[in-house]
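What the coordinates show
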Amino acid sequence: MPSTSTLGEKTKGVIGVDMPRVDCHEKVTGSAIYTDDIQFGNQLLHARIKRSPHAHALIKKIDTSKAEALPGVKVVVTGADFPKRIGLYLKDKYIFARDRVRFIGEAVAGVAAVSEEIADKAVDLIEVEYEPLDPVFDAEFGASPEAPLIHPDLADYEVPNFIFPVPGTNIANHFKIRKGDVDAVWDQCAAIVEYKFRVPHVQHVPIEPHVAVAKMDETGKITLWASSQSPFAQRNLIAKSLGISESDIRVIAPYVGGGFGCKAGVTMEAMPVAIAMKAQGRPVKLRLTREEEFYTNFVRQGLIAKIKVGCDKDGKLLALQNTMYWDGGASTEYGVNITRAGGYSGTGPYDVPNVKVDSMCIYTNHPIGGAYRGFGMSEVHTGIVQCMDMLAEKIGMDPVAFHKLNCVEGGDIIATGMKMHSVGLRECIDKVAKSIDWGNKGKPSAPNKKRGQGVAIMWKAPAMPPNAGSSAWVELNEDGTVTVGIGGQEIGQGSFTVMAQIAADSLGVPFEWVRIAGPVDTQYSPYEWQTVASRLTWSMGNAVRGAALDARKQIIDMVAQAWNENPEDLDIKDGTVISYKSEESISLKDIVVYGIPKPGFEGWVGGPIVGRGNFMPTYVTGLDKETGQGQRAVVHYTTGAQAIEIEIDTDTGKIDIVKAASAFDVGKAINPSLVKAQIEGGFVQGMSSAIFEEMKLVEGVMQNPNFVDYRIATAVDVPRSIDAIIVETAQDDGPYGARGIGEHPMVPTIAALANAIYNAIGVRVTNPPLSAEKIYLAMLDAGIVK
Amino acid sequence: MAYHRITITVNGSDEVVDVPSNMTLLQMLREKLSLTGTKNGCAAGECGACTVLMNGEPVNSCMVLAVECDGASVVTVEGLSHDSQLDPVQEQLIEAGGVQCGFCTPGILISSRALLNRNPKPSEDEIREALVGNLCRCTGYIRIVEGVKKAAEVGSRAA
């Protein structure tokens, strides 16, 4: 347990309080700087990318001569220039395709020119000769021996020891759980449900498209400005792929205009760096168009899940089998770990004695799957939680009672063999059920309307390497204010504000005295693995708390020495050091930089104060390759529940959400308003993906890469209010007991809506998007409407 | 590419700008005048991040050519506050917690200001309708609508 944990300590007025966001004034006045806003002057070159029109083909020849001859073109590069692979977990990707293309939109060549128009023209002038190969567009088929191989060199790829590729197949990772014996207990089940689900590919849709600018100086050092969730991971991966040293790449990451996972790892950022290496000192900017944003970068993987689950006559779960085929796309460098997470959390938040899970990440010729808010959990819960609803009905139980009976609780041995920490999941279920008056749905507002209620529960653990670390520094200024250095990013979730709260409380200064040192800059900011996995409040929060406590100790020791007192008698309150013994006090101003003079001009004590802190989980263990069993698979789980009441228009199939309640056990809400903002925003993103969203992929071509054809929820689509409920069961190693909440709120929403639709019309519409059209056709098929 | 000299009032200040024929108002604001508060989210008139007031009306500045703005008056997010005094929609968006990543925020603020200028006491449905062209992926809109409602209550100040 880290020493920074202070469970039970009395908080001092900034923790658990709705402090205002530290970034909101800049953001409402237009002065907040995003990557695209940085001015680079007349020397800036504009990059555009030549992309593959084939889903799967060999590259026979690339002729760039006409492009190079076009006036205004400064650089043309192809995969031949960059021979080393890149990737976060499984190194299976090139910066520019070499020899073979594997999806429509894959980068084949890059151009930098004095204007975007000229760069576009140059891209058109690049001639590429392809030899088309048979493609794979279905993950289940992709896993079969008949499927064409997409990565014949899979055996040679560099991979960490917790990812299990199957060379000679398209299976990039096969994660298994074998707990108990499912086949031995199906006969003992009083009810069994077996169902196959499909979850489509969706897009993150940050309102800010990806943008990155790179420049190489005359000594070969590179600066990359990027809209990024992962400046340190990008430095690391790009350096390795381009054969340069990590510290020779400096990544500057201003505010991010929405991430949701798509700006984690490395996607397009390596391309401007690669081009800039040949641009003789000129900055090179690559900004994706909205169309490119839809399918050339990370997407959320599609999933086919075959689920079988059974319970005894009292509704107690006996066995669960979940076989998942993830459509990993052309590269699974990040996706392999999503499918691992989908595997070890593949039971959903249920206590089941017998479990068999196979979670397979399959190469296809679709866009590349990457992290998306929830990291596989929305997809996994879509099927599992609907199956629980079906099973509850089959055994004759109310779904809320069924979920309370079967949900995980502290002390349970979960599917991976890990002992569950204490969780408030039952409390979450009770609270959402109460909020929507479960079991008493309101009268339909019109004769052509039908009402239904649905409930869903969820769990999610941070999915990351076992030793993903955080660090922080806390520096005091002459005026007593505090500058906090962090490497985690502000992507809208409010991390800078929460870190300021933790620093203020730990150090004993007013919240307004704390400044976050931004933008994150790998040259000055302390190391942070990535802004992903809902891990910052917990992990970076521990580092900031450690750094602030370190600074606090330095200050108190200095003053104790100057006053000839015992440090235990001193405290820092509101920016003033006080002694409970002598009742002396001194403001932090000046002393934290200049120290304190000794009496009688006999010298000084102290000096500039800089505190340091770090945090890294040290207790996560590996899991057995064949059984998925191990001591501790993850750092912790955040759990929660959602209940909704909907009204369906039987003339159109349109859903109106009448009531929505969402409760999550966040350990401790350091800023309750920001937690609730995550719960609301996540609900709506979940609702949007549940009702509207699907990347329509036909023969590998996305049919709807724009906001007219790919609808996301707008202001008129969302409920009037969402009851956002906070439950707090302390996390033993979280700062103040906190754990993460960023991703979780959207995880249960597809299942909650699907269950409510069934409750309203008596017909199952299982596969998102649960569109008005699909619901209407289902009602038509069932004879509910004519 | 032919260049055109246009005269335009931006946030109350008169500007003379030489623009190529194909330059959009959005590009002119960001690249010629360094007013980068107005954001480029799609360049296709679909996301609303680039919304500005043109002669008092909200427009997607990515869909307007700069040459069309000769003689026009334009207000961007930078022009909403005066002498460090925030517009009520800015204040109330902060108060309601309607800001997260902030990328849609400039467009949301301009659309809201346009609404309150033409309808100082809008209903909740009217607010939602007015914001339907401004996509936000973070907040779920509820707090944004709340902020606009409150801005209407505290009274508007024409931008």
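Throughout this document, residue positions are counted from 1 along each chain, in the order its sequence is written. For naming, the first written chain is A and the first written ligand is 1, with later ones following in the order written. Per-residue local features of the predicted model are confined to residues with pLDDT of at least 70, and side-chain atom pairs are confined, for both listing and counting, to 80 or more; whole-chain, interface and lining totals are unaffected and use all residues.

**Some points on the overall build of chain B**
Where helices and strands are cited, they refer to DSSP runs of H or I of at least four residues and of E of at least two residues respectively, numbered from the N terminus. When its secondary structure is counted, chain B shows five helices and five strands. Against the globule reference of 15 Å for 159 residues, chain B gives a C-alpha radius of gyration of 15 Å, in line with a compact fold. Judged by the C-alpha coordinates and their principal axes, chain B covers about 45 × 30 × 25 Å. Across the 159 residues of chain B, 57% fall into the buried class. Each radius of gyration reported is based on C-alpha atoms, and the globular scaling rule is 2.2 Å times the count of residues to the power 0.38. The exposure label follows from counting other C-beta atoms within 10 Å of a residue's C-beta, where the C-beta atoms are placed from the backbone and the thresholds are 20 or more for buried and 12 or fewer for exposed, leaving partly exposed in between.

**A word on the overall build of chain A**
Across its full length, chain A carries 18 helices and 31 strands. Along the three orthogonal principal directions, the C-alpha set of chain A runs to about 95 × 70 × 50 Å. Out of the 786 residues belonging to chain A, those deemed buried represent 62%. Whether two residues are in contact is decided by their C-beta atoms, placed from the backbone, lying within 7 Å. Sequence separation of at least 24 residues holds for 79% of the intrachain contacts in chain A that already meet a minimum separation of 6.

**Topic: the interface of chain B and chain A**
Contacts between the two partners involve 44 residues from chain B and, on the opposite side, 44 residues from chain A. Secondary-structure elements contributing two or more residues to the side of chain B that touches chain A are helix H2 (88-96), helix H3 (105-118), helix H4 (124-130) and helix H5 (142-154) of chain B. Gly is placed with the polar residues, together with every amino acid not listed as nonpolar (Ala, Val, Leu, Ile, Met, Phe, Trp, Tyr, Cys and Pro) or charged (Asp, Glu, Lys and Arg). Split into classes, the residues belonging to the side of chain B that touches chain A amount to 23 nonpolar, 14 polar and seven charged.

**Structural notes on the environment of Val251(A)**
You can see Val251(A) is positioned in strand E11 (residues 249-253). In this view, Val251(A) contacts Leu224(A), Ala226(A), Ser228(A), Pro231(A), Gln234(A), Arg235(A) and Thr522(A); residues no more than four positions away in its chain are not counted.

**Topic: the sheet that holds strand E31 (residues 723-727) of chain A**
Residue and element names in this part refer to chain A. Any two strands with at least two DSSP-identified bridges between them are counted as paired. Taken together, four strands build an open sheet; the order of strands is E16-E27-E28-E31 and the sheet is mixed. Each edge of the open sheet carries a strand with a single partner, namely strand E16 (449-460) and E31. Sheet twist, expressed as the mean angle between neighbouring strand axes with direction ignored, is 10 degrees. One ladder, built from 12 bridges, connects E16 with strand E27 (residues 638-649); its direction is antiparallel. Each bridged residue has a counterpart across the sheet, and for Lys-449 the counterpart in E27 is Asp-649. Sheet strands touched by helix H12 (residues 425-435): E16, E27, strand E28 (655-665) and E31. Its angle to E27, the strand with the most contacts, is close to 20 degrees. Helix H16 (residues 672-691) rests against E28 and E31 of the sheet, and its axis sits at about 135 degrees to E28. Axes, fitted as lines to C-alpha atoms, cover a helix only where it is in contact. Angles between the N-to-C directions of the axes lie from 0 to 180 degrees.

**A short note on the nonpolar core**
Residues and elements named next belong to chain A. If you look at the biggest cluster of nonpolar residues, it comprises 323 residues, and the most contacted ones within it are Val-111, Val-432, Val-484, Met-499, Ala-503, Val-544 and Ile-757. Broken down by element, the residue count for this core peaks at 13 residues, all from helix H14 (residues 536-563). The contacts of Ile-757, once residues within four sequence positions are left out, are Gly-452, Ile-648, Val-765, Leu-770 and Ile-775. Residues of type Ala, Val, Leu, Ile, Met, Phe, Trp, Tyr and Cys that are buried and joined through C-beta atoms within 7 Å form what is called a nonpolar core.

**Describing H2(B)**
What H2(B) keeps buried is the set Pro88(B), Val89(B), Gln90(B), Gln92(B), Leu93(B) and Ala96(B). Buried residues in H2(B) make contact with helix H1 (24-29) of chain A together with H3 and H5 of chain B. The positive-phi residue at the C-terminal boundary of H2(B) is Gly97(B), with phi of around 75 degrees.

**Section: the sheet that holds strand E26 (residues 610-615) of chain A**
Residues and elements named next belong to chain A. Spatially, E19-E18-E17-E26 is the arrangement adopted by the four strands of the open sheet, whose pairing is mixed. The sheet terminates laterally at strand E19 (514-516) and E26, the two strands that pair on one side only. Ignoring strand direction, the axes of neighbouring strands in this sheet form an average angle of 20 degrees. One ladder, built from three bridges, connects strand E18 (residues 482-486) with E19; its direction is parallel. Note on E19: the bridge partner recorded for Val-484 is Ile-516. Against the sheet, H14 touches strand E17 (470-476), E18 and E26, its axis set at about 150 degrees to E26.

**So, the pairing of E28(A)**
Residue and element names in this part refer to chain A. Judged by how many residues are buried, E28 sits mostly within the fold: 10 of 11 residues are covered. The turn linking E27 back onto E28 is made up of five residues, and Gly-653 within it adopts a positive phi angle of 85 degrees. In the sheet, E28 pairs with E31 via five bridges, with the strands oriented parallel. Pairing of Asp-665 across the sheet is with Val-727, part of E31.

**A few points about the confidence of the model for chain B**
pLDDT is a residue-level measure of predictor confidence that goes from 0 to 100. For chain B, the average pLDDT comes to 96, and 97% of its residues sit at 70 or higher. The ipTM for the predicted assembly is 0.98, set against a pTM of 0.97.

**Observations regarding the pairing of strand E21 (residues 570-573) of chain A**
Remark: a regular strand shows side chains that alternate across the two faces of the sheet. Residues and elements named next belong to chain A. Sheet analysis places E21 next to strand E22 (residues 576-579), joined by four bridges and oriented antiparallel. In the sheet register, Leu-570 faces E22, and the bridge partner there is Ser-579. Following E21, the chain reverses through two residues before pairing antiparallel with E22; Asp-574 in that reversal takes a positive phi of roughly 50 degrees.

**Concerning unusual backbone geometry**
Residues and elements named next belong to chain A. Residue Pro-519 is reached from Gly-518 by a cis peptide bond, and omega for that bond is 0 degrees. Its location among the elements puts Pro-519 in the loop between E19 and strand E20 (520-521). The omega torsion of the bond from Pro-768 to Pro-769 falls at 0 degrees, within 30 degrees of zero and hence cis. One can find Pro-769 in the loop between helix H17 (749-761) and helix H18 (772-781). For Val-205, which is not a glycine, the phi torsion comes out positive at approximately 55 degrees. Its location among the elements puts Val-205 in the loop between strand E8 (191-199) and strand E9 (211-216). A tally of 23 C-beta atoms within 10 Å means that Val-205 is categorised as buried.

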